[in-house]
Amino acid sequence: SAVISQKPSRDICQRGTSLTIQCQVDSQVTMMFWYRQQPGQSLTLIATANQGSEATYESGFVIDKFPISRPNLTFSTLTVSNMSPEDSSIYLCSVEDGRVSYEQYFGPGTRLTVT
Amino acid sequence: AQSVAQPEDQVNVAEGNPLTVKCTYSVSGNPYLFWYVQYPNRGLQFLLKYITGDNLVKGSYGFEAEFNKSQTSFHLKNPSALVSDSALYFCAVRDEGGGADGLTFGKGTHLIIQP
C-alpha cells in the first residue's frame, strides 16, 4: 500500500491564525482526500483533491476556510484558516491506491489544538 | 445521502472468544463497504472491504465481515479475540452510484478484549 506522511504531526496555534498541513505520498495517486476527526468523534470528509482541478468540498466545508492545493500526483496541502478553538481536531489525508481498487489509506494525521 | 450506523459504543469480549462488531448502512446505489481499525496514537489502518462477489470477506489479523444486502449490514467478526485486538473500529461506506468518492464513517466502536 501507499506510504503517506503528514507535516506537522501536531501543532498548537492561536485563534485567528492559519496553519498549512502537508501530505506527501510515496507513489503517484489520482485521488486524495482530507478528513477531520474531532475529539472523540468519527471521521468526516472535508474535500476531495484531484490534481489539475479544483477541490470538491463536502457540505459544511468551504474553500475560504479550508483552501486545498494539489500541485502534482504525490502532494497536497490543506490550510485551516482563521482558526478558532472549534477547529481543534486531527486532520488526516488519505489516498485511493489505484493498484488496489477502492482501498483508501490514511496518513498518520495532524493533531491541531487552537487556543 | 449515505450513512453508517454502529449501534454499540463499546463491545467487551473475553480473550479467545468470538466477537462481532455491528454495522448497518444506507446508500442509494450499491455499497462499497470497509472496516478500519485505529489503535491509540496511531493512524487508521485498513482491515477489509466488500466491493462485489462473495458476501463473506476476509481481512487482516483474522478478521472477517459478512455483507447482508437484505439487512443492509456489514458486521465485523473474529472467531477468537486477542487482547491486542483492543482498539477503535470504524465501519465506512461509499456509494457506487455517485456522489463523493470519499468515505462516510460510522461513529466507531471501542472493542475491549479482556484477558
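Everything numeric here is computed off the predicted structure, so don't read it as measured data.

Peer 1: Just to check I follow, could you spell out the sheet that holds strand E3 (residues 19–25) of chain A for this structure?
Peer 2: Residue and element names in this part refer to chain A. With respect to topology, 4 strands assemble into an open sheet ordered E1-E3-E8-E7, the strand pairing being antiparallel. Each edge of the sheet is formed by a strand with only one pairing partner; in this case those strands are strand E1 (4–7) and strand E7 (68–72). For this sheet the average axis-to-axis angle between neighbouring strands, irrespective of direction, equals 15°. When E7 meets strand E8 (residues 75–80), the two strands line up antiparallel, connected through 3 bridges. Note on E8: the bridge partner recorded for Ile 68 is Leu 78.

Peer 1: Would you mind going over the state of the cysteines with me for this structure?
Peer 2: Covalent bonding between the sulfur atoms of two cysteines defines a disulfide. Across all of its chains, the model carries 2 disulfides over all chains by this definition. The side chain of Cys 23 of chain B participates in a disulfide bridge whose partner is Cys 91 of chain B; the two sulfur atoms lie 2.0 Å from each other. Across the disulfide from Cys 23 of chain B to Cys 91 of chain B, rotation about the S-S bond amounts to roughly -60°, and the bridge is consequently left-handed. Of this pair, Cys 23 of chain B sits in the loop between strand E3 (19–21) and strand E4 (24–26) while Cys 91 of chain B is found in strand E10 (residues 87–95), placing the two residues 68 residues apart along the sequence. Accessibility assignment for this pair places Cys 23 of chain B and Cys 91 of chain B in one class, buried. Of all cysteine sulfurs, the one in Cys 93 of chain A lies closest to Cys 13 of chain A, which takes part in no disulfide; the gap is 17 Å.

Peer 1: What is the right way to read the interface of chain B and chain A from this model?
Peer 2: By a widespread convention, an interface's size corresponds to the accessible area lost as its parts come together. Opposite the 18 residues of chain B that make contact, chain A presents 19 residues. Buried surface at the junction of chain B and chain A, both sides included, amounts to about 1500 Å², of which 56% is carbon and sulfur. Residue Lys 49 of chain B is joined to Glu 103 of chain A by a salt bridge in which the shortest nitrogen-to-oxygen separation is 3.1 Å. On the surface where chain B and chain A come into contact, there are 7 residue pairs in polar contact (both at pLDDT 80 or more).

Peer 1: What is the right way to look at the side chain of Glu 64 of chain B in this model?
Peer 2: Residues and elements named next belong to chain B. Tracing the backbone shows Glu 64 in strand E8 (residues 64–68). Reaching out from Glu 64, the side chain makes a polar contact with the side chain of Lys 58 at a distance of 2.8 Å. Leaving out residues up to four positions away in the same chain, Glu 64 has contacts with Leu 48, Leu 56, Val 57, Lys 58, His 75, Leu 76 and Lys 77.

Peer 1: How should the pairing of strand E5 (residues 31–38) of chain B be read in this particular structure?
Peer 2: Side-chain direction in a regular strand flips from residue to residue, so the side chains alternate between the two faces of the sheet. All names here are of chain B. Within E5, 8 of the 8 residues are buried, leaving the element largely enclosed by the surrounding structure. A two-sided burial pattern is seen for E5, the buried positions comprising Pro 31, Leu 33, Trp 35 and Val 37 on one face and Tyr 32, Phe 34, Tyr 36 and Gln 38 on the other. As paired strands, E5 and E10 are joined by 8 bridges and run antiparallel to one another. The residue bridging Val 37 from the neighbouring strand is Tyr 89, located in E10. Pairing of E5 with strand E6 (residues 44–50), which is carried by 6 bridges, proceeds in the antiparallel orientation. Each residue of the ladder has a partner; that of Phe 34, found in E6, is Lys 49.

Peer 1: What exactly am I supposed to notice about the nonpolar core here?
Peer 2: A general trend in soluble globular proteins is that nonpolar side chains are found buried together. In this structure, Tyr 36 and Phe 105 of chain B are the most contacted members of the largest nonpolar core, which totals 45 residues. Counting residues in hydrophobic clusters, the runner-up holds 28 residues, among them Val 11, Cys 23, Val 27 and Val 37 of chain B.

Peer 1: Is there a simple way to think about the pairing of E8 of chain B in this case?
Peer 2: Residue and element names in this part refer to chain B. With 3 bridges joining them, strand E7 (residues 56–58) and E8 adopt antiparallel strand pairing. For Lys 58, the partnering residue across the bridge sits in E8 and is Glu 64. Where E7 folds back onto E8 in an antiparallel hairpin, the turn is made up of 5 residues, including Tyr 61, whose phi is positive at roughly 60°. The pairing of E8 with strand E9 (residues 73–78) spans 5 bridges and is antiparallel. The residue bridging Phe 67 from the neighbouring strand is Phe 74, located in E9. The antiparallel pairing of E8 with E9 creates a hairpin that spans 4 residues between the two strands, and Thr 72 there sits at a positive phi of about 45°.

Peer 1: It is not clear to me how the packing of aromatic side chains should be interpreted in this structure. Could you clarify?
Peer 2: In this description, a pair of aromatic rings is defined by centroid distance and the angle of the planes. All names here are of chain B. Under the definition given, this model contains 15 aromatic pairs over all chains. Aromatic side chains Tyr 36 and Phe 46 sit 5.8 Å apart centroid to centroid with 75° between the ring planes, which places their arrangement in the edge-to-face category. Pair noted here: Tyr 36 is in strand E5 and Phe 46 is in strand E6, with a separation of 10 residues, a long-range link. The interplanar angle of 45° and the centroid separation of 5.5 Å between the aromatic rings of Phe 63 and Tyr 89 together place this pair among those described as tilted.

Criteria and thresholds
- Throughout, a residue's number is its position along its own chain's written sequence, starting from 1.
- Note on labels: chains are lettered from A, ligands numbered from 1, in written order.
- Per-residue local features of the predicted model are confined to residues with pLDDT of at least 70, and side-chain atom pairs are confined, for both listing and counting, to 80 or more; whole-chain, interface and lining totals are unaffected and use all residues.
- Excluded from the side-chain calculation are hydrogens and water; included are all heavy atoms of the structure.
- Strands are labelled as partners when DSSP assigns at least two bridges between them.
- Where helices and strands are cited, they refer to DSSP runs of H or I of at least four residues and of E of at least two residues respectively, numbered from the N terminus.
- To get an axis, a line is fitted to the C-alpha atoms, and for a helix only the part in contact is used. The angle between two axes follows their N-to-C directions and goes from 0 to 180 degrees.
- We call a pair of cysteine sulfur atoms a disulfide whenever their separation is within 2.5 Å.
- Here's how the labels work: a residue is buried when its accessible area is under 20% of the maximum for its type, exposed when over 50%, partly exposed in between, all with a 1.4 Å probe on protein chains only.
- Any two residues having at least one pair of non-hydrogen atoms within 4.5 Å are treated as being in contact.
- The term buried area denotes the loss of accessible surface (1.4 Å probe radius) that occurs when two parts are joined, taken as the sum for both partners.
- Between Lys or Arg on one side and Asp or Glu on the other, a salt bridge is scored when a side-chain nitrogen of the former is within 4 Å of a carboxyl oxygen of the latter.
- Throughout this description, a polar contact denotes any pair of N or O atoms lying within 3.5 Å of each other; where both atoms belong to protein, one of them has to be capable of donating a hydrogen while the other can accept it, and for residues adjacent in sequence the pair is counted only when both atoms sit in side chains.
- Working definition of a nonpolar core: buried Ala, Val, Leu, Ile, Met, Phe, Trp, Tyr and Cys residues. They are joined through side-chain atoms within 4.5 Å.
- In summary, the pairing rule links any two rings of Phe, Tyr or Trp, Trp by its six-membered ring, whose centres are within 6.5 Å, and it sorts them by plane angle into stacked for under 30 degrees, edge-to-face for over 60 and tilted for everything else.

Functional significance is not addressed by these values, which are geometric in nature.
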